[in-house]
Amino acid sequence: MKSPDEVIKRWLHPAVFATWTGFLIYLLASQSYAAFLRPEFGVLLALAHFIAMGFMIAAMIRPKAAEIDTPAILRALVLLVPVLYFMAMPDVMLGNQAFKKRFIGTNTVAIGRQAPSVPSSQGSETDSDAAAPTEELEATREETPQERTILEIFLQPSLYEGQRVVVIGMMLHDEQLEPHFGGRDSALYRFLMTCCAADALPLAIALDSDLADAFANDQWVKVDGIFDLQQINGKPVPIILKPQIEPVEAPAVPYLF
């Protein structure tokens, strides 16, 4: 019967690489990596899986001859830190807490570059109902628009201004929104990811309706209303007027790209 030292010496490195192989297979099969990486990175994860599997096979065929001591075991365990961290990490995506830390206003992303140069005649204190009378809103609502993302609207705000839009996102209520959204404290938001969750920034559209109060923070909802782009404190502010709101399931990929 082999001693514990011999078993560890024989199987420590194969076990480490086998753990990484199984972990990468899990990430790819469940697509849970989309919680912190762009979907395109799946190709690199698949490549990493084959590399880890190759190291595992090599370690099984030709085990290392060096003695396995405490430092060697610790070095092997260091390779498993990302796996252990992922297992201990709560199964959550970026939400309102990340929004509060990362939101830097409405004029810094695509909408700031695409906003019309002519200021809106409403002004920051004008009631949004005056900008779009109820009759006009209801007439526009008779159309059946396709669902759009917040990013699509931000990239071409002039195309959607005054039009009915249907958008899915997370709900947010916070008094800190009021200075940015002309006194409104409710918004629909999603995160725009460039590479990974570390660089994700929130895109938000103000909701001009008390109906939003019935939905909790970070609840996924579908909003159907009239898109407007108003100038508030010299900045373009995206707003959905007279929205109809209903709860929906979270999308498989919660981020925008």
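Scroll up for the structure.
Residues numbered from 1 in each chain as written. Predicted model: local features only at pLDDT ≥ 70, side-chain atom pairs only at ≥ 80, totals over all residues. Heavy atoms only, no water.

Colleague: Before we move on, could you go through the state of the cysteines and cite the residues and values that matter?
Modeller: Overall, the coordinates contain zero disulfides when judged by the stated rule. There is no disulfide at C195, and the cysteine sulfur nearest it, in C196, is 4.4 Å away. (Disulfide = S-S within 2.5 Å.)

Colleague: Could you give me a rundown of the nonpolar core, with the residues and numbers involved?
Modeller: A general feature of soluble globular proteins is that nonpolar side chains tend to end up buried together. Residues L94, F99, L177, F181, Y189, F191 and A204 are the most contacted members of the largest nonpolar core, which totals 24 residues. Elements with a contribution of two residues or more to this core: helix 5 (96-102), strand 2 (164-173), strand 3 (186-192), strand 4 (201-208), strand 5 (220-232) and strand 6 (235-247). By size, the runner-up hydrophobic cluster in this structure holds 22 residues, among which are I150, V165, F215 and V221. (Core = buried A, V, L, I, M, F, W, Y, C linked by side-chain atoms within 4.5 Å. Buried < 20%, exposed > 50% of the residue type's maximum accessible area, 1.4 Å probe, protein only. Helix = DSSP H or I, 4+ residues; strand = E, 2+ residues; numbered from the N terminus.)

Colleague: An account of the pairing of strand 3 is needed here, citing residue identities and associated values.
Modeller: Of all the seven residues making up strand 3, seven are buried; the element is thus mostly covered by neighbouring parts of the structure. Of the two faces of strand 3, the one lined by S186, L188, R190 and L192 and the one lined by A187, Y189 and F191 are each fully buried. With four bridges connecting them, strand 2 and strand 3 associate as antiparallel partners. In the sheet register, M170 faces strand 3, and the bridge partner there is Y189. (Pairing = 2+ DSSP bridges.)

Colleague: With reference to specific residues and values, describe the pairing of strand 6.
Modeller: Two elements, strand 4 and strand 6, share three bridges in a ladder whose sense is parallel. Paired with L207 across the two strands is I240, which belongs to strand 6. Two elements, strand 5 and strand 6, share eleven bridges in a ladder whose sense is antiparallel. Opposite V223, over in strand 6, you have I245 as the bridge partner.

Colleague: Break down the pattern of salt bridges for me, citing the residues and quoting the values.
Modeller: For the structure on display, the rule yields four salt bridges. The closest approach of N and O atoms between E40 and R38, which form a salt bridge, is 3.2 Å. Given a relative accessible area of 47%, E40 falls into the partly exposed group. With a closest N to O distance of 2.6 Å, D224 and R164 form a salt bridge. Of this pair, D224 sits in strand 5 while R164 is found in strand 2, placing the two residues 60 residues apart along the sequence. The exposure classification of D224 matches that of R164, with both residues buried. (Salt bridge = Lys/Arg side-chain N within 4 Å of Asp/Glu carboxyl O.)

Colleague: Give me the lowdown on the side chain of R38, citing residues and values where you can.
Modeller: Structurally, R38 can be placed in the loop between helix 1 (4-30) and helix 2 (42-61). Exposure remark for R38: the relative accessible area of 19% places this residue in the buried category. Polar contacts involving the side chain of R38 include one to the main-chain carbonyl oxygen of T194, which spans 3.3 Å. (Polar contact = N/O pair within 3.5 Å; in protein donor to acceptor, adjacent residues only side chain to side chain.)

Colleague: Kindly report on helix 2, identifying the contributing residues and their values.
Modeller: Taking 1.5 Å of rise per residue, 20 residues should cover 28 Å, and helix 2 covers 29 Å from first to last C-alpha, within 8% of that figure. Along helix 2, the positions that sit buried rather than exposed are G42, L45, H49, A52, M56 and A59. Within helix 2, the buried residues cover an arc of 95° as seen down the axis, which keeps them to one side. Across from the buried face of helix 2, at angles greater than 90 degrees, the exposed residues are V43, F50 and I61. (Expected span 1.5 Å × (residues − 1). Arc of directions from axis to C-beta.)

Colleague: Lay out the packing of aromatic side chains with the relevant residues and their values.
Modeller: Inspection of every chain in the model, using the stated rule, returns nine aromatic pairs. A centroid spacing of 5.5 Å and a plane angle of 75° characterise the contact between W20 and F23, whose relative ring orientation is edge-to-face. With W20 and F23 both in helix 1 and three residues apart, the pair spans about one turn of that helix. We classify F23 as buried; its relative accessible area is 11%. With 6.2 Å between their ring centres and 50° between their planes, F103 and F181 make a pair best called tilted. (Phe/Tyr/Trp six-rings, centres within 6.5 Å; stacked < 30°, edge-to-face > 60°.)

Colleague: An account of a negative patch on the surface is requested, with residue identities and associated values reported.
Modeller: A cluster of acidic side chains, namely E175, E178, D185, D210 and D213, defines a negative patch on the protein surface. Along the chain, the position of D185 falls in the loop between strand 2 and strand 3. Accessibility expressed as a relative area gives 30% for D185, which makes it partly exposed. (Patch = residues over 30% accessible without salt bridge, like charges linked within 9 Å, V, L, I, M, F, W, Y side chains within 5 Å. Areas by Shrake-Rupley, 256 points an atom, 1.4 Å probe, with all protein chains shown as cover. Lys, Arg positive; Asp, Glu negative; His and termini not counted. Charge placed at Lys NZ, Arg CZ, Asp CG, Glu CD.)

Colleague: Hey, could you go over unusual backbone geometry for me, with residue numbers and the actual values?
Modeller: The residue N233 is not glycine, and still its phi comes out positive at about 55°. Relative to the elements of secondary structure, N233 occurs in the loop between strand 5 and strand 6. With a relative accessible area of 61%, N233 lands in the exposed category. With phi around 45°, K242 is a residue other than glycine that occupies positive phi space. By relative accessible area, K242 is classed as partly exposed at 32%.

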